[in-house]
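Residue strings, one per chain:
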Amino acid sequence: MSSLRKFLEVAPRCQGYFLDRLSLERIDGSDALELGLHWGPEKPDITLAFRDVYFCAIERPADPGDAPLDQVAATLLEPSDSPWPEELSLELIRSSSLPTLIWFRTEGPVQVSVLAAIASVSLEVI
């Protein structure tokens, strides 16, 4: 099973976690994004790592307090010349020359949308 397909299985389990850490940097010439998620002592922390990031948007109210991630979803977008899904408004033109991409998104007080070619998840060992 590919790492993207594994990511698709695990991503929905992030619902209810809190966005605790965000890191965006250039690594070996490509954009790398890490989201650190925290629940509390009952569950392990999760790190979502994205490489070859094509799009990233994070919306958060000025004072969200402790707002968990709601309605977490991940979708695999195969190479295609058809338009992007309506909810994903990009200036980048979709084409069959792009690699398979993962689209990770959340709804709620904290909204996250990431489109990347590589995605992985790590769990804290407790």
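Per chain, residues are indexed from 1 in the order of the written sequence. With pLDDT at 70 or above as the cut-off, local features in this predicted model cover only qualifying residues; side-chain atom pairs require 80 or more to be listed or tallied, and sums for whole chains, interfaces and linings still use all residues. Each side-chain value is worked out from all heavy atoms of the structure, with water and hydrogens disregarded.

Engineer: What should I look at first to understand the overall build of the chain in this one?
Structural biologist: Helix numbering and strand numbering both begin at the N terminus, where a helix is a DSSP run of H or I of at least 4 residues and a strand a DSSP run of E of at least 2. Assigned secondary structure in the chain consists of one helix and six strands. Its helices and strands in sequence order give the chain the pattern α-β-β-β-β-β-β, from N to C terminus. The principal-axis extent of the C-alpha atoms belonging to the chain is close to 45 × 35 × 25 Å. Exposure is judged per residue with a 1.4 Å probe applied to protein chains only, and the accessible area is read against the type maximum: over 50% gives exposed, under 20% gives buried, and values in between give partly exposed. Burial statistics for the chain: of 126 residues in total, 38% are counted as buried. Any pair of residues with heavy atoms lying within 4.5 Å of one another is described as a contacting pair. Taking the intrachain contacts of the chain between residues at least 6 apart in sequence as the baseline, contacts between residues at least 24 apart amount to 58%. Of the roughly 7300 Å² of accessible surface on the chain, 50% is carried by carbon and sulfur atoms. Counted as positive: Lys and Arg. Counted as negative: Asp and Glu, with His and the chain ends omitted from the count. Lysine's charge is taken at NZ, arginine's at CZ, aspartate's at CG and glutamate's at CD. Taken together, the 10 basic and 20 acidic charged side chains of the chain have centroids lying 6 Å from each other. Throughout, the Shrake-Rupley method with a 1.4 Å probe supplies accessible areas, and for residues the shown protein chains are the sole cover considered.

Engineer: I'm lost on the pattern of salt bridges in this one. Help?
Structural biologist: A pair can form between side chains of opposite charge whenever their charged atoms are brought close. Each salt bridge in this description consists of a side-chain nitrogen of Lys or Arg and a carboxyl oxygen of Asp or Glu lying within 4 Å of one another. Applying the stated criterion across every chain yields a total of four salt bridges. Between glutamate 78 and arginine 5 there is a salt bridge; the shortest N-O distance is 3.8 Å. Of this pair, glutamate 78 sits in the loop between β4 (70-77) and β5 (101-107) while arginine 5 sits in helix α1 (residues 3-10); the two residues are 73 residues apart in sequence, bridging distant segments of the chain. Looking at glutamate 78, the relative accessible area reads 39%, which means it is partly exposed. The residue arginine 21 makes a salt bridge to glutamate 34 at a minimum N-O spacing of 3.6 Å. Linking arginine 21 in strand β1 (residues 18-27) with glutamate 34 in strand β2 (residues 30-38), this pair joins segments that are 13 residues apart in sequence. Three or more residues joined by partner-sharing salt bridges are found here, namely Arg21, Glu34 and Arg51.

Engineer: Explanation requested: the nonpolar core in the structure shown.
Structural biologist: Generally speaking, a soluble globular protein has its nonpolar side chains buried in company with each other. Nonpolar cores are built from buried Ala, Val, Leu, Ile, Met, Phe, Trp, Tyr and Cys residues. Side-chain atoms within 4.5 Å join them into one set. Ranked by internal contacts, the top residues of the largest apolar core, which has 25 residues, are Phe7, Leu35, Leu37, Leu48, Phe50, Ile102 and Phe104. At the level of secondary structure, the elements contributing two or more residues to this core comprise α1, β2, β3 (46-59), β4, β5 and β6 (111-123). Residue contacts for phenylalanine 50: discarding those within four places in its chain leaves Phe7, Asp31, Ala32, Leu33, Leu35, Ile102, Phe104, Val114, Ala116, Ile118 and Ala119. Counting nine residues, the second largest nonpolar core, distinct from the first, contains Trp84, Leu88, Leu98 and Leu115.

Engineer: Would you mind showing me how to read α1 here?
Structural biologist: Because an α-helix completes one turn every 3.6 residues, residues spaced three or four positions apart along the sequence face the same direction. Taken together, the buried positions of α1 are Leu4, Phe7 and Val10. With its buried residues spanning 120 degrees around the axis, α1 presents them on a single face. Looking at the buried side of α1, the elements it contacts are β3, β4, β5 and β6. To obtain the arc, one takes the directions from the helix axis to the C-beta atoms.

Engineer: Help me understand the packing of aromatic side chains in this model?
Structural biologist: Two aromatic rings are characterised by how far apart their centres lie and by the angle between their planes. Each aromatic pair joins two rings of Phe, Tyr and Trp (for Trp, the six-membered one) with centres within 6.5 Å, and gets the label stacked for planes under 30 degrees apart, edge-to-face for over 60, and tilted for any other angle. Enumeration according to the criterion identifies four aromatic pairs in this entry. Here the aromatic rings of tyrosine 17 and tryptophan 39 are separated by 5.2 Å at their centres, their planes lie at 70 degrees, and the arrangement is edge-to-face. Here tryptophan 39 lies in the loop between β2 and β3 and tyrosine 17 lies in the loop between α1 and β1, a separation of 22 residues in the sequence. By relative accessible area, which is 28% here, tryptophan 39 ends up partly exposed. Taken together, a centroid distance of 5.8 Å and an interplanar angle of 45 degrees make the contact between phenylalanine 50 and phenylalanine 104 tilted. Residue phenylalanine 50 is found in strand β3, and its partner phenylalanine 104 is found in strand β5; the two are separated by 54 residues along the sequence. Among the aromatic residues, those joined into a ring-pair cluster are Phe7, Phe50 and Phe104. The cationic tip of lysine 43 hangs over the ring face of tryptophan 39; the distance from NZ or CZ to the ring centre is 3.7 Å. By the criterion adopted, a ring carries a charge over it if an Arg CZ or a Lys NZ lies within 6 Å of its centre and within 35 degrees of its normal. The ring of tryptophan 103 is capped by arginine 105, whose NZ or CZ atom sits 3.8 Å from the centre of that ring.

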